[in-house]
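# Coordinate inspection notes
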Amino acid sequence: MLARVERLGKHVPTDGERRIPRTTTLGGRPTRRAALRGAAAGIVGLTAIRRTNESHAAENLGSFGRVPTIDQIRSADPSYWMLVDLINDYRGRLGLPKIALSPRLTVVAALHVRDLATRAPHADGASLHSWSRDERWSGGQYKPTDKSSWTIMWDKPKEIVGYPGYGFEIAAARVRDARYALEAWQKSPQHSNVMLNRDTWADDRWQWKAIGAAFFQGFACAWFGDLADG
């Protein structure tokens, strides 16, 4: 069975998408959130997360019970960190710097792969970026052409763990392990561009400062963030 990765539309940045302070609206220019709304319509396999002030972390987060430290992640099952290392190795072979492991984005990735595997919010052809309904987060189907659905994903790291920056997700289904997930993304130019900061993602604003990824029962998710975690 072939791996499934989300098909990505072509995203072309506009002048309105340049970096704007998080709480500022400037004379008719779109806020950064509004700019990302424009981007979302052309990015099926990625998800933008709204920047806000940090909120408190949710209780009972995945297998950790709370936001873990990096040492706790590294001492846990490899499904919580191997994919991050593989992505960083891929970048390193091409002369790119490593992206710092993010405890908060690791939790979001770990929760999402489990949600996909056990509750299947992506069933019936829905996006892998959909989430089920849960007391810890809001749920629903992500639809790249329906802006009312975009916050289902944009808000997840803030909503669940208080991550302060923007983030982007790539996801895969029907993959044997973390290495197979990476291979599937490498074969997709759009996904590879995200991992390697190429094309659209070569812009200074998308130089990744944080990454979290997880694998569980055939599903893999990797989250990239533009702000350091913590």
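Going by the structure above, here's the rest.
Since the model is a prediction, treat every value here as computed from it, not as a measurement. (Residues numbered from 1 in each chain as written. Predicted model: local features only at pLDDT ≥ 70, side-chain atom pairs only at ≥ 80, totals over all residues. Heavy atoms only, no water.)

## So, the pairing of strand β3 (residues 210–216)
Filter applied, for reference: Type-normalised accessible area, obtained with a 1.4 Å probe on protein chains alone, sets the label of each residue: buried when under 20%, exposed when over 50%, and partly exposed for intermediate values. The secondary structure listing takes helices from DSSP runs of H or I that are at least 4 residues long and strands from runs of E that are at least 2 residues long, numbered from the N terminus. Between any two strands, pairing holds if DSSP finds at least two bridges.
In terms of residue burial, β3 counts as a mostly covered element, since six of its seven residues are buried. In this sheet, strand β4 (residues 219–225) lies alongside β3 in antiparallel orientation, the contact comprising seven bridges. Opposite Ile211, over in β4, you have Phe224 as the bridge partner. Following β3, the chain reverses through two residues before pairing antiparallel with β4; Gln217 in that reversal takes a positive phi of roughly 45°.

## Here we look at the environment of Leu182
Spelled out, the test is: The contact criterion used is simple: two residues touch if any of their non-hydrogen atoms lie within 4.5 Å.
Position of Leu182 relative to the elements: it lies in helix α7 (residues 178–186). Its relative accessible area of 6% is what places Leu182 among the buried residues. Along the chain, Leu182 and Tyr90 lie 92 residues apart, while their C-alpha atoms are 9.0 Å from each other. Once residues lying within four places of it in the same chain are set aside, the contact partners of Leu182 are Leu83, Leu86, Ile87, Tyr90 and Met195.

## Comments concerning the environment of Met195
Along the chain, Met195 falls in helix α8 (residues 189–196). What makes Met195 buried here is its relative accessible area of 0%. Not counting the four nearest positions on each side in its chain, Met195 is found in contact with Ile87, Tyr90, Arg91, Ile170, Leu182, Trp185, Gln186 and Phe224.

## Here we look at the pattern of salt bridges
In plain terms, the rule: Salt bridges, as used here, are contacts in which a Lys or Arg side-chain nitrogen is within 4 Å of a carboxyl oxygen on Asp or Glu.
Summed over all chains, the structure comprises six salt bridges. The salt bridge involving Arg74 is made with Asp85; its shortest N-O contact spans 2.9 Å. Placement of Arg74 in helix α2 (residues 70–75) and of Asp85 in helix α3 (residues 82–93) is noted, with a sequence separation of 11 residues between them. Here Arg74 falls in the partly exposed class, since its relative accessible area comes to 35%. Notably, a salt bridge pairs Arg205 with Asp203, separated by 3.2 Å at the nearest N-O pair. According to the relative accessible area criterion, Arg205 is buried, its value standing at 9%. A relative accessible area of 33% means that Asp203 is categorised as partly exposed.

## Concerning the packing of α3 against α7
Defined as follows: In this analysis an axis means a line fitted to C-alpha atoms, helices contributing only their contacting stretch, and an angle means the value between N-to-C directions, from 0 to 180 degrees. When an angle is under 35 degrees it counts as roughly parallel; over 145 it counts as roughly antiparallel; between 65 and 115 it counts as roughly perpendicular; any other value is oblique. Crossings are assigned a handedness: left-handed for a near helix turned anticlockwise from the far helix by less than a right angle, right-handed for a clockwise turn. Note on residue classes: Ala, Val, Leu, Ile, Met, Phe, Trp, Tyr, Cys and Pro are nonpolar, Asp, Glu, Lys and Arg are charged, and everything else, Gly too, is polar.
Contact geometry of α3 with α7 gives a least axis separation of 9 Å together with a crossing angle of 45°. By the angle class used here, α3 and α7 are oblique. The crossing of α3 and α7 is right-handed. On α7, the residues that touch Met82, Leu83, Leu86, Ile87, Tyr90 and Arg93 of α3 are Ala178, Arg179, Leu182, Trp185 and Gln186. Residue classes in the contact of α3 with α7 are distributed as eight nonpolar, one polar and two charged.

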